[in-house]
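Listed below, chain by chain, are the residues.
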Amino acid sequence: MGNEEYVWIHIVALLCLCDWSASQLSYSISEEVNKGTVVGNIAKDLNLNVQDLETRDLRIVSSYSKKYFDVNLRTGNLFVDERIDREELCPNTAQCSLRIQAVLSNPMNVHRIEVSVVDINDKSPEFIEQSFSLNISESLSAGERYLLPIAVDADIGTNTVKTYKLSQNDYFSLDVQSGGDHGVSAELVLQKALDREKQPVIKLILTAVDGGKPVRSGTLQINVNVIDANDNAPIFSKSLYKVRVRENAAHGTVVIKLNATDLDEGMNSKIVYSLIKRGNIDPSTIFDLNSQTGQITVKGTLDYEDTPAYEVRVQAVDQGTSPRSTHAKLLIEIIDVNDNAPEISVTSLMTPVREDAELGTIVALVTVSDKDGGNNGVTNCKVVGSVPFKLKSNYKNDYSLVVDGPLDRENTSLYDVTITATDEGSPPLSSIRVITVHVSDVNDNAPRFMEPVINVYVKENSPVGSVIYTINAFDPDLGSNAKLTYKLLVSSQKNIPISSMVNINSETGDIVSLQSFNYEEIKTFQFKVQATDSGVPPLSSNVTVNVLILDENDNNPTILAPYSEHGSVNSENIPYSAEAGYFVAKIRAVDADSGYNALLSYHLSEPKGNNLFRIGTSTGEIRTKRRMSDNDLKTHPLVVLVSDNGEPSLSATVSIDVVVVESTADIQTQFRHVPIKEESFSDLNLYLLIAIVSVSVIFLLSLISLIAVKCHRTDGSFSRYSAPMITTHPDGSWSYSKSTQQYDVCFSSDTLKSDVVVFPAPFPPVDAELISINGGDTFTRTQTLPNKEKVCVLLELSAFILQTP
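Every value quoted in this text rests on a predicted model; they were computed, and no experiment measured them.

## Points about the overall build of the chain
Part 1 of the argument: The secondary structure content of the chain amounts to four helices and 60 strands.
Part 2 of the argument: Of the contacts made within the chain by residues no fewer than 6 positions apart, 62% connect residues no fewer than 24 positions apart.
Part 3 of the argument: Summed over its atoms, the accessible surface of the chain is roughly 43000 Å², and 51% of this surface lies on carbon and sulfur atoms.

## Some words on the sheet that holds strand 15 (residues 184-190)
Part 1 of the argument: Taken in spatial order, the three strands line up as 11-15-14 in an open sheet, and their pairing is antiparallel. The open sheet terminates on both sides in strands that have one partner only, identified here as strand 11 (145-147) and strand 14 (172-178). Neighbour-to-neighbour, the strand axes of this sheet turn through a mean angle of 30 degrees, independent of strand direction.
Part 2 of the argument: Bridge count for strand 11 against strand 15 is three bridges, and the pairing is antiparallel. Its bridge partner lying in strand 15, R145 is registered against V189.

## Comments concerning the sheet that holds strand 42 (residues 502-504)
Part 1 of the argument: With respect to topology, three strands assemble into an open sheet ordered 37-43-42, the strand pairing being antiparallel. The two strands at the open ends of the sheet, each matched to only one other strand, are strand 37 (467-470) and strand 42. Neighbour to neighbour, the strand axes of the sheet diverge by 25 degrees on average, direction disregarded.

## What about a nonpolar patch on the surface?
Part 1 of the argument: Where nonpolar side chains cluster on the molecular surface, the patch consists of L689, V693, V697 and L701 and spans about 340 Å² of accessible area.
Part 2 of the argument: Secondary-structure assignment places V693 in helix 4 (residues 683-713).
Part 3 of the argument: You can call V693 partly exposed: its relative accessible area is 41%.

## Brief notes about the pairing of strand 34 (residues 430-440)
Part 1 of the argument: Bridging between strand 28 (residues 353-354) and strand 34 involves two bridges; their strand directions are parallel. Directly across from R354, in strand 34, lies its bridge partner S440.
Part 2 of the argument: One ladder, built from nine bridges, connects strand 33 (residues 414-423) with strand 34; its direction is antiparallel. If you follow I419 over to strand 34, its bridge partner there is R433.
Part 3 of the argument: Counting the residues between successive antiparallel strands, the hairpin from strand 33 to strand 34 contains six residues.

## Some thoughts on the state of the cysteines
Part 1 of the argument: Tallying each qualifying case throughout the model produces one disulfide.
Part 2 of the argument: Across the disulfide from C90 sits C96; the S-S distance is 1.9 Å. Disulfide C90 to C96: torsion about the S-S bond roughly 65 degrees, handedness right-handed. Per residue, the accessibility class of C90 equals that of C96, and both read buried.

## Quick word on the packing of aromatic side chains
Part 1 of the argument: For the structure on display, the rule yields eight aromatic pairs.
Part 2 of the argument: Summarising the aromatic geometry, the rings of F236 and Y273 are spaced 6.2 Å apart at their centres and angled 50 degrees between planes, so their arrangement reads as tilted. With F236 in strand 18 (residues 235-236) and Y273 in strand 22 (residues 271-276), this residue pair connects regions lying 37 residues apart in the sequence. Just as F236 is buried, Y273 falls in that class too.
Part 3 of the argument: When the ring of F389 is compared with that of Y415, the centres are 5.4 Å apart and the planes differ by 80 degrees; the resulting orientation is edge-to-face.

## Some thoughts on the confidence of the model for the chain
Part 1 of the argument: The predicted model of the chain has a mean per-residue pLDDT of 79, with 81% of residues at 70 or higher.
Part 2 of the argument: Segment residues 1-22: pLDDT under 50, and 43 contacts once partners within four positions in sequence are set aside and those in other chains are kept.
Part 3 of the argument: Contacts of residues 715-805 to residues separated by more than four positions or lying in other chains number 215 contacts, the stretch itself having pLDDT below 50.

## So, the pattern of salt bridges
Part 1 of the argument: For the coordinates displayed, the defined rule picks out 18 salt bridges.
Part 2 of the argument: Between E114 and R99 there is a salt bridge, with the nearest N and O atoms lying 3.8 Å from each other. Of the two residues, E114 sits in strand 8 (residues 109-118) while R99 sits in strand 7 (residues 97-104), which places them 15 residues apart along the sequence.
Part 3 of the argument: R99 sits in the exposed class, given a relative accessible area of 54%.
Part 4 of the argument: For E333, the salt bridge is made with R244, and the minimal N-O distance between the two is 3.8 Å. Taken as a pair, E333 in strand 26 (residues 325-335) and R244 in strand 19 (residues 240-246) lie far apart in primary sequence, 89 residues in all.

## Overview of the environment of V226
Part 1 of the argument: Structurally, the position occupied by V226 is in strand 17 (residues 217-227).
Part 2 of the argument: Placed 28 residues apart in sequence, V226 and K198 show a C-alpha to C-alpha distance of 9.9 Å.
Part 3 of the argument: Apart from the residues within four sequence positions on either side, V226 is in contact with I136, E138, L194, D195, R196, Q199, P200 and I202.

## Some words on the side chain of S696
Part 1 of the argument: Positionally, S696 belongs in helix 4.
Part 2 of the argument: Taking relative accessible area as the criterion, S696 reaches 9% and is therefore assigned buried.

## So, unusual backbone geometry
Part 1 of the argument: Cis peptide bonds are those with omega within 30 degrees of zero, and the linkage from V536 to P537 qualifies with -5 degrees.
Part 2 of the argument: Relative to the helices and strands, P537 resides in the loop between strand 44 (524-533) and strand 45 (540-550).
Part 3 of the argument: In this structure, N47 takes a positive phi of about 60 degrees despite not being glycine.
Part 4 of the argument: The topology assignment puts N47 in the loop between helix 1 (42-46) and helix 2 (52-55).
Part 5 of the argument: Located in the positive-phi region is D57, a residue other than glycine, with phi close to 55 degrees.
Part 6 of the argument: Relative to the assigned elements, D57 resides in the loop between helix 2 and strand 4 (59-62).

The rules we used
Residues numbered from 1 in each chain as written. Predicted model: local features only at pLDDT ≥ 70, side-chain atom pairs only at ≥ 80, totals over all residues. Heavy atoms only, no water. Helix = DSSP H or I, 4+ residues; strand = E, 2+ residues; numbered from the N terminus. Contact = heavy atoms within 4.5 Å. Areas by Shrake-Rupley, 256 points an atom, 1.4 Å probe, with all protein chains shown as cover. Pairing = 2+ DSSP bridges. Axes fitted to C-alpha atoms, helices over the stretch in contact; angles between N-to-C directions. Patch = residues over 30% accessible without salt bridge, like charges linked within 9 Å, V, L, I, M, F, W, Y side chains within 5 Å. Salt bridge = Lys/Arg side-chain N within 4 Å of Asp/Glu carboxyl O. Buried < 20%, exposed > 50% of the residue type's maximum accessible area, 1.4 Å probe, protein only. Disulfide = S-S within 2.5 Å. Phe/Tyr/Trp six-rings, centres within 6.5 Å; stacked < 30°, edge-to-face > 60°. pLDDT = per-residue confidence, 0-100.

If you want it as C-alpha cells, here you go:
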C-alpha cells in the first residue's frame, strides 16, 4: 500500500458478458477516503491489457458534478479523485453507491462500474433545539414522565443514534425506548418530588450517543422550572436538641428556645409550636411551650430521682392551606442535686446469732442505695459505736454485717447495731439504720450460788419434814440451759449419813429435815449441795451448807449439890449475932440449854413478907438483910426459885431451913466460911483479885485470837466489828463490849466455886453475842452475826474452875 491510506476495499466484480462490448464492475469504498486511494484495477478486472489502455483511450465518465474517480492508464487502477461524502451524496438513505462508466475506444466499449460508499461515523448526533424547557410542579409525585426531543444523526446503521444519557441529578432518571428502524426515543422520569425552595431551576444535560467507532455524541440543555407549591414542612434547626436543667430549677426557668424555619412564603411559612403527648406522658404538665416563639420554660417540679431525663417531641406546623408539619426530639437532662440521703435496706437478717458464733459469721445482708447520681450517689457505709460487728463489702453497695468480736449473751443479749451511710455530695447527706441483733444462748455458764457457804439456822425440836432452807442458785443462761436441778453430795457427819438427816427437792431446792434435831446432841453439821443445769453438756457447781441448830428452852434448871431439888428440906444455921450481909448459903444450878435459855436467876419465893434474908439474883447467894431481933423466929423456911431466861421460862425450886443458933460453936455447915466485911481487904480478897485478873487476861487473849482466826478464815467477815473492850465496875462485875453490844461479867467471891456469866444488858437483840461460863465447868461463846454473815463460834474450856484458896 506504500504511502496510501489503508482502506478496506471490498471489490465485487460482476462480470455480465452479454457481449464483448458491455460489462459491469462493483466496488466498495468507505467515505471520506483520501484522494488517490485505489478502488480497484479495472484492467485486471476487465481482462484488458494494460498496454492497450492508452491506445484505446480509457476514460471514466459519470453524471455527477464532481469527478469522484479516475484511472491510471499505466497501471489500470481506479482511484479516488475527489472527497466522497456519503451523507451528501445519499442523504437519509441506507444504501449509497456511485455509478460511473469506463469507456474504451477502438473498438468502443462501455463498462459500468458501481462503487458502494460505505458509511463511516463521521457525523455526530444533533438536536434541533439548543435547549429544552420543562415546567414541573413541586407538588407532583414521583413517576411523572416527560417526552424529550430526539437527536438526528446523518450516519446510518450502527453509526446513527443508539441511546441517550442524562446528566447526574437527584430528581430525574431517563427512560430510553428503542423504536427499531425508527430509531430511539427518551423520556424524563421524575424520581422524587421537586423542591422549589431548595432548587427552583434544575439544569440537565441530555446526551445522544451513536453506535459508531469511535463513539460520537450530541447534547441538549434541558431546563426544568419548578413551580412553587406548599410542599415544604417547617424545619427545625436541629433534629435533636439536648439541654440540661437543674432539678431544683424554679418555675418559669427558661429551658431552651426552639427554632424552626419554612422555606415557603406567606402563611405557608408562619410556624406554630406545640408539645406532643405520647402515650401516658404529657410533657405539658412539666414544661410550658410558647407556641409563637418556641421558648420552653419549667412549669412543674423536676426530680432527678423520679425522672433523670425527659424525651419530649415538639411539633412545628405552618399555616398553609394544607398545613405541613415537622417534628423534633428534645432531650432534657435533669442535673442532679444532692437532695436525697442514702437509703439503707436490710435484705436478709439472720437473727438470733449464737453467742459462740465465730468471727466472720454473717448476721445480715445490707444494701445501700442513693437515688442521686454521680458523686451525690456515691456512698460510704460503716458501723458506728463499739459493737462486736463490722461491715464487710461484698460488691459495690452490697455489704455483709459480720461478727467482729466475742459475743456473750449473759452480758449483752441484744445489740442495736447502728449503721450510717454518707454520700459524697456537697454538702454530704447521711442516713442511719439500726439493726437489732439478738444473741441466742449457749450453755457456757455453770449455775451460781450467791455465797460459797450458806449458813442455815434451825431450831431444835423442829418437826420432821419441815423446810429448813431453800437453796436458790441461778444460771445466767436461758431456757433449758438455765433449768436447774439440785442434789445432795454424799457425805457423813459424825458417822451419820447426811441423807438420813436432810433431803433436798431436786426441782425447788427445798431442804427438808428428816429428823428432829437436839441442840444438846448436835449443834452443827455440814454438807454440800450440787446444782446442775439442763444444758448439753450439763454444767454444775457446789455450795457448802452449814446447818446450825438453835437452842430452844427445853431443859429446866438443875440444882447442884449439896442442895437437892424440891421435895427435900435442906438446913443452914446462922448465929443470932449475925450482922447484916451475913452469908447464909449459895445455891448453885445449871441448865443444859445455852444462851439466854441457860441464863439463870435466883429468887426467894417463901416465906411471904420475910424481910430478914435476900438472895443475889445472879449469884444465888443468900445473905441477911439486917441483924436479928428477939421477935424473929428461930427457924426460917426459905424456898429458892431458880428460873432461866427462856421463852417460856422454866424453873426449879429448892427448900432451905435457916436455923438461928445462939453461938457460932453450934453452927454445923457444909461450908466452913466466915463472912468478911466488905470494907476489909484480906489475903483472900487479894488471891481472888489475882485469880480474876488472870482469868480475865486469859479470856481476853483467847477472845482476840479467836476473832483474828475467824476474820482470816471468813475473808474479813468480822472486819466491820470493832475490837472488844472489858470494863470493871465498882460492884465487882465486868462489862464486855463489842461494837454497839455490851456484856456484863459477874463473879462471886463468897463460894468455893464461882460462875462467870457474861450476858448483854439489858436484853440481847436477835443478832447478838452471848458468852457464858456455866457451872458445868464449860465455857461457851456463841456469836450470831447479821443474816448475811452469820457465824457461830463455839469455844469450850474444860475445867474452868475458880476456887478460893
